[in-house]
Structure formats: C-alpha cells, structure tokens
Amino acid sequence: MHWHCFKMAKTNRKYRIVDVISASQQDPGSSILIIYTGGTIGMEHDASGALKALNFNQIVKRAPSLKNLDIKITVISFPDPLDSSNVTVREWQDLGYIINENHHHYDGFVILHGTDTMSYTASALSYMLQGLNKPVIFTGAQLPISAIRSDARANLVTALEIASSKKNGVPVVPEVCVYFDYQLMRGNRTFKKRSSQFAAFGCENYPILAKAGITINYNESVIAPYDPDAKLNYKNKFSNDVIVLKLFPSLKESYLRHILDIPGLKGVIMETYGSGNAPTGAWFLRCIEEAIAKNIIIYNISQLTGGIVIHGRYETSKYLDELGVISGSDITREAAITKLMFLLGTESNIEHIRQKLKAPLCGELTVLN
Ligand code: ASP
C-alpha cells in the first residue's frame, strides 16, 4: 500500500490517493475506485469517547482481505474524512467531479460514506451522473471497522463485488446504488430508517435490486439496463434556495406566511399527510396560491415513508393540484430535496423545472396513470 497526495484542479482540495495491491497480482479481473468520505465505518473513539472519522489506512489495516480480492483497488480519500452530518453540496460536487474524471479508468466505484446523509448524496449523484453506465455503490457501516462485531467488512467487500460484477462483459448494475445489510437498493429510493440496527436503510417504493446471501441474487428486471450508447452527462450545479415544510395539525398562518416570504426562496418541499393531503382552510390555500404566484415551486411529497401522492384522490389534495402544486408521486424526501436543488441549479426555465419534477430523471419516482 502506498500513499501520495494530489490536488484536484476543479475542487481545489488536496486528496490522498492509495493503491491497495491485489494479492492476485497479474491482471486482476477488474478495477474499482473507492472514494472514502468518512462516516462510522472508519471512525474510532476519541479521548472523550465520541466517534471521530479517521484516515483510510485504518480501514485497510482492519480489512486485510481487501488485498485478496481479484480486484485492482485504488482509493481516493477526502483530506479530512467527515461525519456525513457535515456533508454539503461541495462534497457532492467533489464526488461527481472525481467520478466524471475517472469514469473511463475503472469498472466501477464504491463510495464509503456516513449513513446519516448517504441517501441525500446518493440521490444527488444519480442526478449529476445521468447517462451513467457503470456501478456507483454507496456503503458504510453502523459500527466502526475496528469493532469486533462490525458490519463494515461485509458491507465493503460485497459492495466491491457488486461494483465489479459483469455479465456478458457489461456491468450488472450500471446505476447509483446503496448497498447495506445484504440488500442492494437504488440510491435515490433509499432513506435512513434506523440508527441502532444493522438494517439502517429502507426502500419502500421500489423493489430491492439484489440480495446478498451465499450468492448475490440480482433482480435484473428492476435494475436500470445497460445502454451501450449512453454518454455520461455530468452536471454539478445545485441551488439551496429551498426549504422543507412539514405540515402538522394547527400549523400557524403567521408562521407559514413567514416561511413563504423568505427573500430568495425558490422551492418548497411540502410534506403532506397520507396520499398528499393538506388542510383546505381558505387562509392555507391563499398562502400557497400567493407563493406560486411569486414563482416559488411547491413540491408535494408524503410524510409517510411508503406514501404516494395522488392529487385529487381526496378533496384535500384536489385544491393543491388546481393551485399548481406539483405532485412528487412516491419520491422520498431525500430524493425530492436533492432533485429540487439540482433542477433549480441547472435549469433556468421554471416551466421546464416543473415538468421535470413530475417525471423521473433516473428512476427516483413512479409516474402514475
Ligand atoms: N454519524 C455518522 C455519519 O453519518 C453515522 C454513520 O456513519 O453511520 O457520518
């Protein structure tokens, strides 16, 4: 294993690059780039007992089996590994940039990331890397790799195997995914649902892409198909002029007005009840109408983890449709927020944004008939 530092032109950050020498030496079956951003997987307790992210070499020390895989592994490590609570658009852009720059040199990518915001980053990356034809597999752990009962080794080794899997010479999973606790899920369909069990992620509104047991069983019919003509269309702009508004009984009119009057606000992810229902009081509908008249986009998603917004199913959502609120169908909160940020960052025509919010960019929502 050897280290060197290098500076990435666009991101202006210094990364550390490591080659993990494969035991199989000559011509390993495939080559994977691991990008280590931080998270519990590489953490250790500091003097106060709190978990803090460490350098990647700790991970290799704790998982010597990495060297025995028939995979040529290169690692790019963030200079200061992060708890994912500190991840921002900048880290999404760095990840997108690294993958775009290295796209032709590797068969697949594994991103080690904290679980807290993994679903946001995976969703953001799926939008940034449209036309992707290679696996980008996010994983992490609930216990540090140094802990005896850690889930880190199994998650990492299986994520590497999935990222390098090919059938008839083409990648089996050419999309952005989260692999965790024996399940492979479409990244922009996931959400973190547990903090104290190994099964940390949920994926309610889309089937699981693969299950790992003695063998890895892929559910090929629900995996994005490999397109030999696809070209990676990398985009990296986001706008954070957005806010999440979660409805609850007896929300105050003055508070709602205050939120919708925030200067510069461009988009609201409105978390409604059940299948997209909201109060029908005149003051509430007037607030929404006035916001839309100011060109603020209101994106309706359900508060339920397995919810689907169906405008007009109840009278309490029919009015929203008439006012111009956009239905997010069965999109997750994480995919909705990042999608709105992405579209506001990359598109200037508000009508185009509104249309794109209704349709999937890359499998993040279901279009209902
Ligand atoms: N706080 C950690 C993080 O998201 C939790 C984890 O990695 O599981 O970075």
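Predicted, not measured: the structure shown is a model, and the values here were computed from it. (Residues numbered from 1 in each chain as written. Predicted model: local features only at pLDDT ≥ 70, side-chain atom pairs only at ≥ 80, totals over all residues. Heavy atoms only, no water.)

(A) Local environment of the overall build of the protein. Each helix and strand counted, the protein has 9 helices and 22 strands in total. Computed over C-alpha atoms, the radius of gyration of the protein comes to 21 Å, within 12% of the 21 Å expected from 2.2 N^0.38 for 369 residues, which places it in the range of a compact globule. Judged by the C-alpha coordinates and their principal axes, the protein covers about 70 × 50 × 40 Å. In the protein, which comprises 369 residues, the share counted as buried stands at 52%. Considering only contacts in the protein between residues 6 or more positions apart, those separated by 24 or more positions represent 73%. Of the roughly 16,500 Å² of accessible surface on the protein, a fraction of 50% belongs to carbon and sulfur atoms. Distance between charge centroids for the protein: 3 Å, based on 38 positive and 34 negative side chains. (Helix = DSSP H or I, 4+ residues; strand = E, 2+ residues; numbered from the N terminus. Rg over C-alpha atoms; globule rule 2.2 N^0.38 Å. Buried < 20%, exposed > 50% of the residue type's maximum accessible area, 1.4 Å probe, protein only. Contact = heavy atoms within 4.5 Å. Areas by Shrake-Rupley, 256 points an atom, 1.4 Å probe, with all protein chains shown as cover. Lys, Arg positive; Asp, Glu negative; His and termini not counted. Charge placed at Lys NZ, Arg CZ, Asp CG, Glu CD.)

(B) Seen up close, the side chain of arginine 354. Within the secondary structure, arginine 354 is located in helix α9 (residues 350–358). A relative accessible area of 17% means that arginine 354 is categorised as buried. Arginine 354 has contacts with Ile297, Gly324 and Ile326, leaving out every residue within four places of it along the chain.

(C) Seen up close, the site of the ligand. Close to the ligand lie Gly39, Thr40, Asp83, Ser84, Gly114, Thr115, Asp116, Ala141 and Gln142, which account for all nearby residues. Serine 84 has a polar side-chain atom sitting 2.5 Å from an oxygen atom of the ligand. For the ligand, an oxygen atom lies 3.3 Å from a polar atom in the backbone of alanine 141. When the ligand is considered free in solution it has 270 Å² of accessible area, and contact with the protein chains removes 90% of it. In terms of residue class, the shell around the ligand is made up of 1 nonpolar, 6 polar and 2 charged. (Near = heavy atom within 4 Å. Polar contact = N/O pair within 3.5 Å; in protein donor to acceptor, adjacent residues only side chain to side chain. Nonpolar A, V, L, I, M, F, W, Y, C, P; charged D, E, K, R; others polar.)

(D) Structural context of the nonpolar core. Grouped together as the largest cluster of nonpolar side chains are 87 residues, with contacts concentrated most on Val110 and Leu160. Per-element accounting of this core gives the leading share, 8 residues, to helix α8 (residues 333–346). Of all hydrophobic cores here, the second largest spans 19 residues; its members include Leu245, Leu265, Ile296 and Val325. (Core = buried A, V, L, I, M, F, W, Y, C linked by side-chain atoms within 4.5 Å.)

(E) Quick look at the packing of helix α3 (residues 118–128) against α8. Closest axis-to-axis distance for the α3/α8 pair is 8 Å, and the angle between their directions is 45 degrees. The angle between α3 and α8 falls in the class oblique. α3 and α8 meet at a crossing whose hand is right-handed. Seen from α3, the contacting residues are Ser119, Tyr120, Ser123, Ala124, Tyr127 and Met128; seen from α8, they are Arg333, Glu334, Ala335, Ile337, Thr338, Lys339 and Phe342. Among the residues forming the contact of α3 with α8, the class breakdown is 7 nonpolar, 3 polar and 3 charged. (Axes fitted to C-alpha atoms, helices over the stretch in contact; angles between N-to-C directions. Parallel < 35°, antiparallel > 145°, perpendicular 65-115°, else oblique. Left-handed = near helix turned anticlockwise from the far one by under 90°.)

(F) Up close: unusual backbone geometry. Its identity is not glycine, yet asparagine 168 carries a phi of approximately 50 degrees, on the positive side. With respect to the secondary-structure elements, asparagine 168 resides in the loop between β10 (166–167) and β11 (170–171). Look at aspartate 181: it is not a glycine, yet its phi comes out positive at around 50 degrees. Tracing the backbone through its elements, the reader meets aspartate 181 in the loop between β12 (176–180) and β13 (183–186).

(G) Structural view of the pairing of strand β19 (residues 242–246). Note that β19 and strand β20 (residues 267–272) share 5 bridges and pair parallel. Residue pairing in the sheet places valine 244 in a bridge with isoleucine 269 of β20. Where the polypeptide runs from β19 across helix α5 (residues 253–260) and back to β20, its parallel neighbour, the crossover connection is right-handed. (Pairing = 2+ DSSP bridges. Right-handed = clockwise from strand over helix to strand, strands pointing away.)

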